[in-house]
Amino acid sequence: MAEPFLSIQHVRKSYGSNTVVQDFSLDVEPGEFVSFLGPSGCGKTTVLRMVAGFEEPSAGKIVVAGKDITRLKPNQRNVGMVFQAYALFPNLTVAQNIAFGLKVAGMAKADADKRVAEMLDMIKLPQMADRYPYQLSGGQQQRIALARAIAPKPKLLLLDEPLSALDAKVRVSLREEIRSIQKKLGITTIFVTHDQEEALSISDRIAVMYGGKAEQVATPFEIYNRPATKFVANFVGTLNVLEGKVTDAASGKVQVNTQEVSLKGKLNGSKSGDTLSLALRPEAISLDRQPGHDTSLSGEIAEVHFLGSVIRVRVGIGGNTVSLDTFNNSATPPPVVGEKADISFASGDMLVLH
Amino acid sequence: MKSGKFWAWVVFIVGAAYFFIPLMATVEFSLRMRRGVHSFDAYQIVLGDARFQSTFLYSVIAAVFTIVLGVLIVVPAAYWIRLRLPQLRPIVEFITLLPLVIPAIVIVFGYIRMYGSNSPLPFLGSNMGANALLVIGYATLSLPYMYRAVDTGLRTIDVRTLTEAAQILGAGWGTIIGRVILPNVLIAVLSGAFLTFAIVIGEFTMASLLNRPAFGPYLQNIGANRAYEPAALAIIAFAITWGCMSLIQILSRFAPKSANRPN
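Residues numbered from 1 in each chain as written. Chains lettered and ligands numbered in written order. Predicted model: local features only at pLDDT ≥ 70, side-chain atom pairs only at ≥ 80, totals over all residues.

**Student:** Would you mind going over the overall build of chain A in detail, with residue names and values included?
**Tutor:** Broken down by element type, chain A carries eight helices and 19 strands. Within the span of chain A, comprising 354 residues, buried residues form 40% of the whole. Contacts in chain A between residues far apart in sequence, at least 24 positions, make up 66% of those at least 6 positions apart. (Helix = DSSP H or I, 4+ residues; strand = E, 2+ residues; numbered from the N terminus. Buried ≥ 20, exposed ≤ 12 C-beta atoms within 10 Å, placed from the backbone. Contact = placed C-beta atoms within 7 Å.)

**Student:** Describe the pairing of strand E1 (residues 6-15) of chain A, naming the residues involved and giving the relevant values.
**Tutor:** Residues and elements named next belong to chain A. Here seven bridges tie E1 to strand E2 (residues 18-28), and the two strands are oriented antiparallel to one another. Considered in E2, the bridge of Ser7 is made with Asp27. The loop that links E1 with its antiparallel partner E2 comprises two residues; one of these, Gly16, has a positive phi angle of about 65°. (Pairing = 2+ DSSP bridges.)

**Student:** Mind laying out the sheet that holds strand E19 (residues 351-353) of chain A, listing which residues take part and the relevant values?
**Tutor:** Residues and elements named next belong to chain A. Here we have five strands laid out as an open sheet, ordered E13-E12-E11-E14-E19, and antiparallel in their pairing. Pairing within the sheet leaves two strands with one partner each, and these edge strands are strand E13 (259-262) and E19. Taken over all neighbouring pairs, the strand axes of this sheet differ in orientation by 45° on average, direction set aside. (Axes fitted to C-alpha atoms, helices over the stretch in contact; angles between N-to-C directions.)

**Student:** Tell me about the nonpolar core, and name the residues and values.
**Tutor:** Among the nonpolar cores identified, the biggest contains 153 residues, and Val47(A), Val51(A), Ala145(A), Ala147(A), Leu158(A), Val208(A) and Val150(B) are the most heavily contacted of them. Top element by residues in this core is helix H6 (residues 127-155) of chain B. It accounts for 13 residues. Residue assignment places this core across two domains, with domain 1 (6-235) and domain 2 (240-353) of chain A each supplying three or more. Those residues in contact with Ala147(A) that lie beyond four places of it in its chain are Ile98(A), Met119(A), Leu120(A), Met122(A) and Ile123(A). (Core = buried A, V, L, I, M, F, W, Y, C linked by C-beta atoms within 7 Å. Domains from an automatic or database assignment.)

**Student:** So, the sheet that holds E1(A): which residues are in play, and what are the values?
**Tutor:** Residues and elements named next belong to chain A. What the four strands build is an open sheet, ordered E2-E1-E4-E5; its pairing is antiparallel. What marks the edges here is a single partner per strand, and that holds for E2 and strand E5 (67-68). Sheet topology note: the E1/strand E4 (residues 59-64) ladder contains five bridges and is antiparallel. Of the residues in E4, the one forming a bridge with Ile8 is Ile62. The strands touched by helix H1 (residues 44-52) are E1, E2 and E4; relative to E1, the strand with the most contacts, the crossing angle is about 115°.

**Student:** Describe the domain arrangement of chain A, and please don't skip the residues or the numbers.
**Tutor:** Looking at chain A, the domain boundaries give domain 1 (6-235) and domain 2 (240-353). One C-alpha centre belongs to domain 1 of chain A, the other to domain 2 of chain A, and the line joining them spans 39 Å.

**Student:** Describe the confidence of the model for chain B, with residues and values.
**Tutor:** Residues and elements named next belong to chain B. Counting all residues, the mean pLDDT for chain B is 88, and 95% of those residues have values of 70 or more. The least confident element of chain B is helix H12 (residues 229-254), whose mean pLDDT is 80; the most confident is helix H7 (residues 159-168), at 94. Ignoring residues within four places in sequence, the model shows residues 259-263, a span with pLDDT below 50, making seven contacts including any to other chains. If you check the scores for this complex, the pTM reads 0.79 and the ipTM reads 0.82. (pLDDT = per-residue confidence, 0-100.)

**Student:** Now, about the pairing of strand E17 (residues 320-327) of chain A: what can you tell me, with residues and values included?
**Tutor:** All names here are of chain A. Pairing of strand E16 (residues 310-317) with E17, which is carried by eight bridges, proceeds in the antiparallel orientation. Residue Arg314 lies in a different strand from E17, and its bridge partner there is Ser323. Turn length for the E16-E17 hairpin, with the two strands adjacent in sequence and antiparallel, is two residues, and the turn residue Gly318 shows positive phi of about 60°.

**Student:** Tell me about the interface of chain B and chain A, residues and numbers included.
**Tutor:** Chain B puts 22 residues into the contact, and the matching count from chain A is 21 residues. If you list the elements that add at least two residues to the side of chain B that touches chain A, you get H7 and helix H8 (173-184) of chain B. Residue composition of the side of chain B that touches chain A, grouped by class: 11 nonpolar, eight polar and three charged. (Nonpolar A, V, L, I, M, F, W, Y, C, P; charged D, E, K, R; others polar.)

**Student:** Can you tell me about H6(B), naming the residues and giving the values?
**Tutor:** Here H6(B) spans 40 Å end to end across 29 residues, near enough to the 42 Å set by a 1.5 Å rise per residue. For H6(B), the principal kink sits at Ser142(B) and spans about 55°; a proline, Pro144(B), occurs within the next four residues. (Expected span 1.5 Å × (residues − 1). Bend = angle between axes of the 7 residues up to and from the residue.)

**Student:** Got a sec to walk through unusual backbone geometry? Specific residues and values, please.
**Tutor:** Residues and elements named next belong to chain A. Its identity as a non-glycine residue notwithstanding, Asp23 has a phi of 45°, on the positive side. Assignment of secondary structure puts Asp23 in strand E2. By the C-beta count within 10 Å, which is 14 here, Asp23 ends up partly exposed. Backbone geometry places Ala65, a non-glycine residue, at a positive phi of 50°. Looking at the element boundaries, Ala65 is found in the loop between E4 and E5. For Ala65, a count of 15 C-beta atoms within 10 Å corresponds to the partly exposed category.

Right under this line is the structure:
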C-alpha cells in the first residue's frame, strides 16, 4: 500500500479539562477527498484547524508527505484553506485576493498575473478580476476564496464548511464545482461539513465524528449501507429503528412485536432473550412484496403524507413505527389511515445496531 | 406644519445660534483693528509674524510624529487584544482612559522628575530629547481617542478569520498588519489621527512646561498681550481644524474599499 499523503496520528486536543478531540487517527491517500462529518461540537473543525496549524495538538502528530508538520506555523505548511465566512480581504480586488499568496511567496508579477488569470478561468469568473468582494454574491465570493487557496499550489486543501453560508441551489452547484476542480487538480482535500448529503455526494471517504472521536471512516456507500455504530446509522440518512428480542440466537430468530424475523449471521454474539435495536432504511421497505423481499411484517397505516411525486407513509407495527416512501401512481390511490398493511423487506437490509 | 417638525427646527436654530453667534462675533471683532473700518490687519500681522510660522510648523511636525507613534503603538496593540487577549480589553480600555482623568500637568511634572537631566534617562538634557518627550506625552494624551477609533474600526472586520486566511497563504505578522488589517481600519485610523492633530495643535500645558516652542504657548502669549490678533488667531485655528476635517474626508475617498463600506 502506498504511503499516506496526510497522516493524522493519535491526535488529542484538550482545553483545560475539556477534551474536544480524543485519539483521532486518519490516513489520507494522495488526491483523496475525505469529509469530516458530524454534528456541531464533535471536534471536526478542531481537527481541521490542527492540520492547518491554527491549533496545536495536546498529543499526537500530523505528517504531510512524510514530513512532521505538527509544530510548524500555519504560514510554513503550504496548505490552502477555504473558510465558512469566505474571508476575502475586503480592501483587495478579486485579482489581488487571488494573487495574495503568490506575492507573499515572492512570485514575479508577470507569473502571478498569469496564475491569477488561470485561476479565474478555472472558477469561470474571468470578468470579475477588478471587482471588490462586496460587489460579489456569496457563491462568487466562495469561488474566489477557493481560487485564492489553490493559486499557490498547496500540498493540501482544507475546506471548513465552505457551503454553509450559501443558499440551497448555490450549495449544490458549488459542491459539484469544488469536486470537479479537486479531481482535475488531484489535490488531497479535507472537507468539513455537518451536511450528510454534501458529504455523501462528493467524498471518496467520510470520517463520521462524534464526541471528539471518529466513529467510522469509510466510503459513502459503506457509511450509508453498513454503519458501524448506532450513532452513524442514526446520523447518516433516515432510519427506522425497531426494538426486537432474540428468541433463538443460534438460528438468528428475532421477535419484533409478535412477529418473527430471521437475521442469521447478524446477531454478533447476542444471546437468546437479549433486546436489540434493528434498523431499516425507508427505501429498503415497500408496501407490496418486491422480488428479493424475504421478510414481511403486518401493521396498520398510521400516517399518510402526499408530497407530489412521493407519498410518505408511516406504518405502526405494535409499539414501533416504520416510515417508508412510495412513488405516486395516478392509477392507485394512496393508502388510507387505519388500513391494515403488510410491509416487506430483504432481511439482509436489516441492520443490527450495537 | 406639524408640531414635531416645528420643534425640530427650533432646536436646530438654537443649536446653530449657540455655535455660530460667538464665531461670527469673533470674526467681526478680528476685523476691527483699523478704527472705523473693517480690515484684515490683524490677520496680516498674525500671518506675517515669524513666531506664528515657526510655532505652527513646530506643532504640525510634532502632530505628525505623534500620529505615527500613536499608530505604531495602538494598531498592533488593539489588533493583538482583539485577536489573542480579548480578556485584557477592559483593562486596556481603562488604561487608555487614564489621560482623560489624570491632568496633563500631573503627567508633565512626572516626566520632569523622571526624565530630568540628572536621571538615568535624561530626555530633558537636550532639545531633541525634550522634543521626543513632548511627542511621547502627546501620544499619551491622544491615546483615548486613537485607541477607541482603531478598536471601533477593528470591530467592523472579522479580525480572526482574516488573520488566519492571510497566515495560511504564507503571510507573516508584518504583512498581515500592513496589508490586511491596517488598510481595512484606515478610516478609523484617519479619524484617530485627526483628533490627535487637533489635540496637538492647541495643546498648551505640556509644551509650556517642557519649554517647547509650540503653537499652544504662542496662542496663550498673544492672547495675554494683544487685543485683535487673538481673535484672528482663533479664526485661523478654526479654519485649520475645518481644513483638516475636509482633508480626512477627501483622503477617505481614496482609502481601500471594504465590504463594510460598500459605496
